[in-house]
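Structural overview
Take a look at the letters that make up each chain.
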Amino acid sequence: MERNRRLKRQNYYLLLLVLIIPVVSLFLGGNSEFGGADGMVVELIDEADRYTPWFDNVWAPPGGETESLLFSLQAAIGAGVLFYFIGYIKGKRAAANDK
Amino acid sequence: MTKKNLYVLLLVLLPTQAYSMHIMEGYLPLQWSVIWSLAFVPFFLLGLRSMKRLVALAPEKRMVLAMVVAFAFVLSSLKLPSVTGSSSHATGMGFGAALVGPASMSVVGTIVLVFQVFLLAHGGLTTLGANAFAMAFVGPIVTYLVYRGMKKTGVSLRVALFLGAFLGNLSTYLVTSIQLALAHPDEASGFMGAFGKFIGVFGITQIPVAIVEGLLTVVVVNILVSNDFIKENDLFSIKGLRLFKSKVSAHGTK
């Protein structure tokens, strides 16, 4: 029990840090749109190498809205499964402790 | 029209850029695409075998695998702003390596990458081999080796886990930069010049993101430990899973 209380407290601190890092990054990044790092790489290749991609995406979301839909869906499915699992082992442990 | 409105309008009108940290479709010449795919195939097959063994050993493992994929899904959909003014995302591979071992992660990572190719147009089919090599093979292996190495030095297991996930994430982007530099060497300064350029874009952006990945890995492992799902000492070993199995059957006989 003592261990669990300690772990819980540790997790609060860690999650706080997880929040702080991107927020600080937002300020340090300054006046930027925070585009993807891979997009910048593509620009580098395009200008340095005069390279033209020889293969195109099989399918691309038609626009930003559909893209963000698919991204949220990915996050939602992931979070759903992850927390289902955590709930499952929590319930299992509680049931075992009751015996 | 105010300047601000103009920016907003531009933002809406500009074609959206794909934000993922993998090599984009078509950006590796054919020969490199083939080379990296061939290099990854043996590890994928090894991963399949190790996954089968896991599931045979402990059928509950399927649920753990699902959770590992889910964690990777969540993390790779969160594109975090970084200090350089660009965004990047974590991979979730370190966490998976800790729970199901680095070998199985080659399959898990490939699943995540394929999902992103077909539904999000991030990464690509022609670059799948290279991206999988960097993310699904090198990342988990580095995490595993760092964890093992740090454990020997006697630091706390959480510090070892954090460093493993942190360096695993960074190593993925290091390999990506190498792959890009090999395929697109600089005209004047050759491979090293190009490598410097690419690591300049990925490297600094990736550091805060890798720290977040390390922290979140420890958070979720903490949750699993406090619910008696896994013992801290059994991370990265198959023993941890056996333990889960025997406990389940022990409860069954009570």
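Residues numbered from 1 in each chain as written. Chains lettered and ligands numbered in written order. Predicted model: local features only at pLDDT ≥ 70, side-chain atom pairs only at ≥ 80, totals over all residues. Heavy atoms only, no water.

Quick notes on the overall build of chain B
- On a plain count of helices and strands, chain B comes out with nine helices and two strands.
- Seen in sequence order, chain B has helices and strands lined up from the N terminus as α-α-α-β-β-α-α-α-α-α-α.
- Long-range contacts, defined as pairs at least 24 residues apart, comprise 73% of the intrachain contacts of chain B with a sequence gap of at least 6.
- Carbon and sulfur atoms form 73% of the exposed surface of chain B, whose accessible area is close to 10100 Å². (Helix = DSSP H or I, 4+ residues; strand = E, 2+ residues; numbered from the N terminus. Contact = heavy atoms within 4.5 Å. Areas by Shrake-Rupley, 256 points an atom, 1.4 Å probe, with all protein chains shown as cover.)

Here's the deal with the nonpolar core
- One finds Phe 95, Leu 99 and Leu 224 of chain B to be the most contacted residues of the largest nonpolar core, which totals 87 residues.
- Looking at this core element by element, the count peaks at 15 residues for helix α8 (residues 190–226) of chain B.
- A domain-level breakdown of this core finds at least three residues from each of domain 1 (1–56) and domain 2 (61–99) of chain A. (Core = buried A, V, L, I, M, F, W, Y, C linked by side-chain atoms within 4.5 Å. Buried < 20%, exposed > 50% of the residue type's maximum accessible area, 1.4 Å probe, protein only. Domains from an automatic or database assignment.)

Observations regarding the interface of chain A and chain B
- Listed per partner, the contact involves 64 residues of chain A and 73 residues of chain B.
- Both faces considered, chain A and chain B share a buried interface measuring about 6200 Å² in area, 70% of it formed by carbon and sulfur atoms.
- Residue Asp 228 of chain B pairs with Arg 3 of chain A through a salt bridge whose shortest N-O separation is 3.1 Å.
- Counting across the chain A and chain B interface gives 13 residue pairs in polar contact (both at pLDDT 80 or more).
- Of all the secondary-structure elements, those providing two or more residues to the side of chain A that touches chain B are α1 (2–28), β1 (35–36), α2 (37–49) and α3 (64–98) of chain A. (Buried area = accessible area lost by both parts, 1.4 Å probe. Salt bridge = Lys/Arg side-chain N within 4 Å of Asp/Glu carboxyl O. Polar contact = N/O pair within 3.5 Å; in protein donor to acceptor, adjacent residues only side chain to side chain.)

Some thoughts on the packing of aromatic side chains
Residues and elements named next belong to chain B.
- One pass over the structure, following the stated rule, counts 13 aromatic pairs over all chains.
- Taking 5.9 Å as the distance between ring centres and 50° as the angle between the ring planes, the aromatic pair formed by Tyr 144 and Phe 236 counts as tilted. Here the residue Tyr 144 occupies a position in helix α6 (residues 128–153), and Phe 236 occupies one in the loop between α8 and α9 (239–253), the gap between them amounting to 92 residues.
- Tyr 144 sits in the partly exposed class, given a relative accessible area of 22%.
- Judged by its relative accessible area of 6%, Phe 236 falls in the buried class.
- Aromatic pair Phe 191 and Phe 195: ring centres 6.0 Å apart, planes at 15°, arrangement stacked. Of this pair, Phe 191 and Phe 195 both sit in helix α8, separated by four residues, roughly a single helical turn.
- On the basis of relative accessibility, which here comes to 18%, the residue Phe 195 falls in the buried class.
- An aromatic cluster is defined as three or more aromatic residues linked by ring pairs; in this entry it consists of Trp 36, Phe 43, Phe 133 and Phe 137. (Phe/Tyr/Trp six-rings, centres within 6.5 Å; stacked < 30°, edge-to-face > 60°.)

Here we look at the domain arrangement of chain A
- What the domain assignment reports for chain A is domain 1 (1–56) and domain 2 (61–99).
- A separation of 22 Å is found between the C-alpha centroids of domain 1 of chain A and domain 2 of chain A.

A few points about α6 of chain B
Residue and element names in this part refer to chain B.
- Taking 1.5 Å of rise per residue, 26 residues should cover 38 Å, and α6 covers 36 Å from first to last C-alpha, within 8% of that figure.
- Of all the bends found along α6, the most pronounced is centred on Val 138 and spans about 30°, while Pro 140, a proline, follows it within four residues.
- Among the residues trailing α6, Gly 154 stands out with phi positive, at a value near 85°. (Expected span 1.5 Å × (residues − 1). Bend = angle between axes of the 7 residues up to and from the residue.)

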